[in-house]
Amino acid sequence: MKTAQMKLKLNNQNYHSNEADKQYMSVSQFKSFMVCEAKTMAKLSGAYTEPSSNALLVGSYVHAAFESNEAFQQFIEENNGAIFKARGGKYADFETADRMIEALKNDPFAMFALEGEKEQIYTANLFGADWKIKVDSINHDRKTFADIKTTQDLHKRYWSEKYNDWVSFVEAWDYVLQMAVYRRVLQECLGQTYTPYIVAVTKENPPNKAIIHFDETRFDFEYEYIEMKMERVLEVKSGKAEPVRCEKCDYCRSTKKLNNTIEVGELIYM
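Quick summary incoming for the structure in this document.

This part covers the overall build of the protein chain. Counting its secondary structure elements, the protein chain contains twelve helices and seven strands. For a compact globule of 270 residues, the expected C-alpha radius of gyration is about 18 Å, and the protein chain comes in at 20 Å, within 12% of that figure. Dimensions of the protein chain, computed from C-alpha atoms along their principal axes, come out at roughly 55 × 50 × 40 Å. Evaluated residue by residue, the protein chain yields a buried proportion of 42% over its 270 residues. Here the contacts in the protein chain between residues at least 6 apart in sequence split such that 60% fall between residues at least 24 apart. Split by element, the accessible area of the protein chain, about 16000 Å² in all, is 50% carbon and sulfur. The averaged location of the 40 negative side-chain charges in the protein chain is 4 Å from the averaged location of its 35 positive side-chain charges.

Shown next as structure tokens:
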């Protein structure tokens with residue numbers, strides 16, 4: 001008789017572990033499946049490790065600054081070589097990040113939006129899977145939660161195939177979907193509806209900033225979108241269906257084997 005696998009109890013140390021990703025769905029994992037099933041499965045199996053990104057490191061640096069002084073100092077110590085030049089001073093990206101941090105810390109309304117408990121983990125079963133979320137800042141008195149996002153330009157437009165329209169960075173990077181999932185998980189866990197906000201800050205000099213709220217009708221589309229995609233995602237993740245390669249991402253490029261030719265017109269439609 002097969003014994004049911006004990007569900008991993010999540011904490012700050014194992015939240016991003018491979019075992020946690022195998023047992024739980026997350027917004028980042030769902031988004032990864034939407035981009036390339038083969039790469040996502042290779043990451044889950046341990047066959048592929050995504051190279052570290054400087055943009056991701058800078059984002060984590062900004063997040064750590066608002067978690068606590070201890071978390072920020074620990075992050076700096078663990079990533080000292082990536083942050084500081086051998087001859088002294090910080091690399092340009094982290095000098096930019098310092099300006100972004102100061103821009104938010106010197107803004108009373110931004111700091112008001114970020115008041116609350118930091119880096120809180122919640123789990124809930126949605127759309128046939130157990131989901132995990134980690135909330136940047138949650139305020140139980142106000143029934144709000146907030147997430148810090150860094151971006152190039154608040155007003156830059158991106159073309160989205162998902163929405164079939166020009167969209168802001170919030171839609172382009174699926175932050176509406178993220179907030180929708182977080183909101184639903186919190187409803188399941190806490191029995192109340194929490195209002196999400198994005199605290200956005202740009203990499204411009206000086207940085208621009210904004211507190212972004214959501215028309216609730218936006219979430220309905222995201223829930224329908226997830227529900228439509230989840231059957232396929234779960235089939236692939238469970239091994240019941242073969243993952244499809246996108247042939248464009250770093251994983252697919254590094255493992256690609258040519259076996260045929262393509263016609264010129266296919267280059268822009270594949």
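The biggest cluster of nonpolar side chains holds 43 residues, and the ones touching the most others in it are Phe 30, Trp 131 and Met 230. Listed by contribution, the elements that provide at least two residues to this core are α2 (27–35), α3 (37–45), β1 (117–126), β2 (129–139), α9 (169–172), α10 (175–190), β6 (195–202) and α11 (217–237). With nine residues, the single largest contributor to this core is α10. Contacts of Phe 30, omitting those with residues within four sequence positions, involve Met 25, Trp 131, Leu 177, Tyr 225, Ile 226, Lys 229, Met 230 and Val 233. Judged by nonpolar contacts, the second largest core, of 23 residues, contains Leu 57, Tyr 61, Ile 101 and Leu 104.

Moving on to the side chain of Lys 237. For Lys 237, the position within the fold is in helix α11. Put simply, Lys 237 is tucked away with no salt bridge, and the nearest opposite charge, on Asp 21, sits 7.0 Å away. Only 3.4 Å separates the side chain of Lys 237 from the backbone oxygen of Lys 22, close enough to count as a polar contact. If near-sequence neighbours (up to four positions away) are discounted, Lys 237 is found in contact with Asp 21, Lys 22, Tyr 24, Met 25, Gln 29, Phe 33, Met 41 and Leu 44.

Rules and cut-offs
- Counting restarts for each chain: residues are numbered from 1 in the order of the written sequence.
- Where local features are concerned, this predicted model is filtered to residues with pLDDT of at least 70; where side-chain atom pairs are given and counted, the filter is 80 or more; whole-chain, interface and lining totals use all residues.
- Side-chain metrics rest on all non-hydrogen atoms present in the structure, leaving aside hydrogens and water.
- The numbering of helices and of strands both runs from the N terminus, where a helix is a DSSP run of H or I of at least 4 residues and a strand a run of E of at least 2.
- Taken over C-alpha atoms, the radius of gyration is set against a globule rule of 2.2 Å times the number of residues to the power 0.38.
- Think of it in three bands: with a 1.4 Å probe and only protein chains considered, a residue is buried below 20% of the maximum accessible area for its type, exposed above 50%, and partly exposed in between.
- It only takes one pair of heavy atoms within 4.5 Å for two residues to be counted as in contact.
- Accessible areas in this description were obtained via Shrake-Rupley with a 1.4 Å probe; residue shielding takes into account the shown protein chains only.
- Positive charges come from Lys and Arg, negative ones from Asp and Glu, while His and the chain ends are left out of the count.
- Charge positions come from single atoms, namely NZ of Lys, CZ of Arg, CG of Asp or CD of Glu.
- Note on terminology: a nonpolar core comprises buried Ala, Val, Leu, Ile, Met, Phe, Trp, Tyr and Cys residues joined through side-chain atoms within 4.5 Å.
- Criterion for a salt bridge: a side-chain nitrogen of Lys or Arg within 4 Å of a carboxyl oxygen of Asp or Glu.
- Two N or O atoms form a polar contact when they lie within 3.5 Å of each other; inside protein one atom must be a possible hydrogen donor and the other a possible acceptor, and for residues adjacent in sequence the pair counts only when both atoms belong to side chains.

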